[in-house]
Amino acid sequence: MSVSELSGGDLISSVFSPRVAVLASPGAEALAQKNNLSLVELLRPFAQLRGEASLRDPYNSTVHEVRNLRITFEDFDRVQPEKRVVDNLLNSVVSNNLPKKSCPPVAVDVGHYSLKMHTNPIWFNAFRDSFIKTLPISQHEFTRHFVACLIVVSSSEPNISTQFKNLRQRQQDSQTSPSGSDIWLLPDTMKVNVLLHDVQEGDGNFATETVQEMKRDPNFNGPHCSYLLSINSRRDFEVQEILKSNRKYGPKMVDPWKKFIDQSSMDLSRRNHSSKHAVDPETRPRLYTSSQHPLDGGDHPLKEIQDPLSGTLAEDDSSRSEDDQLHGAYLTSADQDTISTFITEFITRALLPHYEKQIRDLYDHLVSKKTISKSFLSATKKWLGSGKGTSYPSQQSAGAREGDRYYPPEAVELQLRKLGDLVFLFQMYDIAYNIYYQCKNDFQNDSAFLFYAGALEMAVLSQYMLGKPMNLSHIDSAIVQYSNTCKNYDYALRCALLCCDALLTRQMHQEAINNFIKMTTEESDLKSALLLEQAAYCFVNRGSAALGKPRKFAFYMVLSGHRYQKAGQKEHTLRAYDLAYQVFANSNWCYAEDHINLTIGKHSYLVNQLEQSAAAYLKLLTPTSRQNHSQQSSFIADFLMSFTDYMDKSTDHNAQFPPIQIPSINSQSISVFYGGTTAVAPDDSDEVEIEPSLWISLEEQAACHVLNKENVPITWKPCINVLNASTKNNLKPRTVRQEPVTVVIEVVNSLMIQISMENIHLLWRFTPVDESGESPQESVENERDVLEGSKLIKTEVIKEIVVGNLEKRLISLSLVPCVEGEVVVTGIAYSLSGGSTDKFGMPRTSSRNVRVKQDLNIEGPKLNSTLEERVSNARGNDYRLHFLVVPPQPLLSVEFAPLPREMLCGEIQATRVNFCNRGLIAISSIIVSSKCSESFCFGPVEQLQRSEELQQDSAIHLEKVDSVSSILKPGEVLEPGGCLSMAFCVRGKETPGMLSLPILFYYTSATPSKLMPHRVVRQAFHITCRDSVSFSVMKSRNLDQSQQLLISFTNMYNSASSQDEAHRCEVGLSHVVCVSSKWRIRNQKMLEYAPAREGEMFNSVATLDRILEEKGVQVSMLNISCNQLKLFPFKPFLHRFASNSVDESDITIVFAWKAGYVGGDKSALAFGQHHQSLDSTKDSLSQAVITTASGMFCEAPRSLPFTVRFRLDYDRSQRYVMRRGGGGSSFVVAPVSVTLNNCLHTQPLLVQVVCPHAPTSVSVRELEANGVRESFAFWWVSQSTWIFVMPPLSQHKLNLRACFFKAGTYNLNNLSVMVSTRLPSEDESSDGMRRLTRQEAGGGGGDFVKQQCAFATFITVEKEDASSAPPGLPNGSLSDDIPVAAQG
């Protein structure tokens, strides 16, 4: 519990203080009402003894000092309200006493938390005081009974004696009524007569004489019971001046009644008295600005109080104007001293002497009944335990609860309790404790549990007031008896409130927590909320921060807030959840945090705290939220509603943009494109990112070419077109006036719902700069209006973008500066609306949206050059969004026609490219710089339609192709608005994979500028190259002719990318071109254009003849497809191959091919060329090229470690010509011999030879009837498998037969020869050996090693010549059935 204004002994003294009834005439009440006060309110600030007084105990043995005795004045005509009315009043008290803005919360350290809270809960103090005041008077105690009656009459009334007599008679009637014993403590109540005199209106001498007569009159109870009280000494015009001063400068008077008025606002006696003693409005002083006096009211004041759940509060003093709040306007400081002196004299001269005698008389009466001993303080346990008087029957009164014993008024037990209450009220706590202790035993023996609980309560409080340890078991027993046995929750709550306050003053926090929590019930949400809140405060106010328990504080504060919510206390609900959120925030308790934020958002909206409501709802829309789709949709709808209402009602126009991070923006990933429109890419491919260092290298390469230097100057700087996180951004980039600057921002929607961004644009700050670099004018911003500064910078506005749930999206926004100066992009602005969905999942449009601003703050790189920078967190500058605007420059736009994203290896694609000058200055040169110049070329656009044909035996000049080339001819310029079209050809690389073509276009202005000497355009193509056709070339000299060179080449299409069986891809060799100064290729008629399907392989042999006369480099070709070969782009790529060739070769072989895609309704053609270089002076083996399965080319090793060497031979003198059979099919059979040699000297080997064969047996008749399929063009028709043992250094020969069904050149070397050192034992049969070797060889197990043949054996099969007679079958003829899979 926080520090209260009254706590501990002061609180107990205030609650249990002598109560004096005030019975005033209408005239006396009117004199008090001149000061906007009732008579009771007038006396309350001074109702305390100033100083000390003494009081003797009943047997005159000890003098007790009475210090600061409080007197409680109450209206004689007070009304005890009903329970329903009391509940409404308590709700109003709590709701009206909120933390004051003038008293901000203070920081309290609890563990690792620093909690901001109010240390003085005025709402709880007000509730406690009002609750205790409105408790009904009970028969089990006398502390709330009147001890005296103050009869007040005005000196201006006629017949004063009669007025006093009538008022005394009213008091006497009340005393003798059946209910008199319920409100009056003693039968003979002391009556004090007070004559109230108005100094400004009445006669002072007359009043003094009247009081003197009253003191002499025995009917007025002696001289100590009659007093004169003079008030209202301030004159009317002085009061008017005070009122005017208060209106102009604020209150100047000290108002001692204010806090008593606030605390007593729920006191019904004041308003009830006002209704009974109405004063004529004409005679009332006009001190109020309103038309009705605040104290007027013919109806009962409780009718103005509404149900607190409806949100309407009772009309009380807090709703009055500042002028109506002025109290005691006619009372001077002397009047206040007079009132204080009167009360002091009343206490010391009348009240204390009277009750000293009454206590003694009551004590003597009880002694005579042998209830207590005369030596009271030293009485033995016998007297304390058995001093009972008369026994009464156990019966219940009409209003008593079950378990309560009834005692008549004259019962000795009640008289003893009355004596205990009297001595407690007048601060004789030691006597009171002994009496309560005796009463406790008596009531317990009689099973009078209500009286027993009251005695326990007062005994514990007496112990506390004496400074003794408190009996905790008595506190628990009192609360249990009140609440459980007697079902009297109100008195149980009073006992808990007073005892817990006493416990906290003695730092007994845990005991207080137990009692607070014990008193929480489901009957009253308001009371339970207050008790839970006080229990939560006990967890943090434990004397030190280390002893505090912040998590338990937050837990009980949430429970308190929930009960406040059920009680309709919106402000206190909000305050409790705010306190709990300080502990739960950022604690990874996401669901608890979401619950608190949701409650804060709702109740802040209900109490019109719209800004706090929007902030709470915004905390629910975080990336770490675990709420589902429907919850987040509801959250964003509530946020939009609260924030739009806040913006509509807000008068602060500077708060136009809230700090909303929806969607979130990663400022570090921002990319900025300068230099206007960059090259228009043929696709949006971004599969491979080009390193910034490569672009700089290309730019330096082009600069060296332009400057004609090996290295660029030190002062040279690269042109900045793109800035991102991977570039160096320590220099301010430059852009050209009237050219757009594009900012690419990545937004991330981490919510489960889609959001809509509308009217998106960049925020900027522009500073004009003159020629000297100074800023003559102030900066201009467009934060308030997108059209602001449109003459300086044109800002792109995107109408709408919808970002899906959990989606990342790039947003491109551009600016077009129109004036030279300095521009800083500060942020992005947009209108945010929630993309809620209906029950069917369809997006629902929302009419509410909020204007959002997000700052773009890019953090520079960490400095790491010096020790201080490494130790500190120093950061460099990042000028990505800070650029300078320079005068107009040329602007080159490079626009490419579309190119495919996939190509075949070696394929050539031609397209068109346009070079356009979009700037205002002419372009003098355009330089192309690339590291992959062998993969593309430029040429005249006319070559795409009308290219020259390659002529046989034509001369060609192989030029050196540099990595830097020029587009414009010397002296040619590209004027502003002009365009230049050129042909652009790209060739796929010969190995499959990704082909990246970074191309940089470096151009200069016809009017040189120091600010921007050159500009660049960057373009990168990313093309996937698939397997196509691969070529392997081997050469050998003709043994018979030294002037001839035989080349054998194999082309194999090895693509695996065709996934659809309905589509086919065929590749065929169209031209074989020889480029050499010494050799020319012979045009052979035996070769024909034969497209190959996937996986098929063909072999061919061509003859090169030596050129006897030196005529330079010539081109000779073997035209297979009978189509002409275009010079463009054949020649440019031939030049590039020759320029990049590192071999000292004198022959270049070019294979030109074409591929056809056929399938469905679509067909396409592709053309390509492959290059091979040969050196005729070196042996053929060293230059042999082996084709791997993936199509990659590798050079064969110079020494092959053969274990078994083998070669294939056939009769080379025999011509093998296709012969037509009876069924129309043509075939030819060639005998082939295989010779194997074991090269090991000591080790015999197990050898297995396997010939590839078809899977089934096919007859010649079937072939003749159905035609020969291309896949059956070459078969081995002899035995397919041989297994034998070869001794060391032995030779073995096999005879095979090969059958050919199609003309062409074939490589016979497709045998599988495997050897093993594991020989069969003598016990193993040949069949078992065959099965063993077959299993090991076929399964890849065992010790078998596959052998390779060093030489390829080619055989050429010619077409059938119709003019010649068909030759016979060599070496026999085919049988009807060809054994495709002969068994060994």
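Anything mentioned here points back to the structure above.
Now for a look at the structure at hand. (Residues numbered from 1 in each chain as written. Predicted model: local features only at pLDDT ≥ 70, side-chain atom pairs only at ≥ 80, totals over all residues. Heavy atoms only, no water.)

The subject of this paragraph is the overall build of the protein chain. Within the protein chain, the secondary structure is distributed over 29 helices and 55 strands. Looking at the protein chain as a whole, 51% of its 1384 residues qualify as buried. Within the protein chain, contacts between residues at least 6 apart in sequence are counted, and of these 78% link residues at least 24 apart. Summed over all atoms, the accessible surface of the protein chain reaches about 64700 Å², with 49% contributed by carbon and sulfur. (Helix = DSSP H or I, 4+ residues; strand = E, 2+ residues; numbered from the N terminus. Buried < 20%, exposed > 50% of the residue type's maximum accessible area, 1.4 Å probe, protein only. Contact = heavy atoms within 4.5 Å. Areas by Shrake-Rupley, 256 points an atom, 1.4 Å probe, with all protein chains shown as cover.)

Inspection of the entire model under this criterion finds 1 disulfide. The disulfide partner of Cys916 is Cys979, and the gap between their sulfur atoms is 2.5 Å. Sign of the S-S torsion, about 110° for the bond between Cys916 and Cys979, identifies this disulfide as right-handed. Taken together, the residues span a long stretch of sequence, with Cys916 in strand S25 (residues 907-917) and Cys979 in strand S30 (residues 979-987) at a distance of 63 residues. (Disulfide = S-S within 2.5 Å.)

Bringing the pairing of strand S8 (residues 190-198) into the picture now. Both faces of the sheet carry side chains from a regular strand, because those side chains alternate between them. Burial of S8 is extensive: 9 of the 9 residues sit out of reach of the surface. Here S8 shows two buried faces, one formed by Met190, Val192, Val194, Leu196 and Asp198 and the other by Lys191, Asn193, Leu195 and His197. Following the backbone out of S8, through helix H7 (residues 204-216) and into the adjacent parallel strand S9 (residues 226-231), one traces a crossover that is right-handed. (Right-handed = clockwise from strand over helix to strand, strands pointing away.)

A few words now on helix H11 (residues 333-368). Three- or four-residue spacings in an α-helix give side chains the same orientation, since the helix completes a turn every 3.6 residues. When the terminal C-alpha atoms of H11 are compared, their 51 Å separation across 36 residues agrees well with the 52 Å that a helix rising 1.5 Å per residue should span. Bending of H11 peaks at approximately 35° at the position of Ile347. (Expected span 1.5 Å × (residues − 1). Bend = angle between axes of the 7 residues up to and from the residue.)

Strand order in this open sheet of 5 strands is S24-S32-S31-S26-S29, and the pairing throughout is mixed. Looking along the sheet, the strands with just one partner apiece sit at the ends: strand S24 (902-904) and strand S29 (964-966). The average undirected angle you get between the axes of adjacent strands in this sheet is 30°. Relative to S29, strand S26 (residues 923-930) runs antiparallel, the two being bridged by 3 bridges. (Pairing = 2+ DSSP bridges. Axes fitted to C-alpha atoms, helices over the stretch in contact; angles between N-to-C directions.)

For the rest of this paragraph, the subject is helix H21 (residues 570-584). Here H21 contains 15 residues, and its C-alpha end-to-end distance of 21 Å stays within 8% of the 21 Å for a straight helix at 1.5 Å per residue. Following H21 by one or two positions, Asn586 has its phi on the positive side, about 55°.

Counted residue by residue, S26 has 7 buried out of 8 residues, so it is predominantly covered. As defined by bridge partners, S26 adjoins strand S31 (residues 993-1005) across 7 bridges and the pair is classed as antiparallel. Looking at S31, one finds that Val928 is bridged to Phe1001.

Don't take any of this as a statement about function, it's just geometry.
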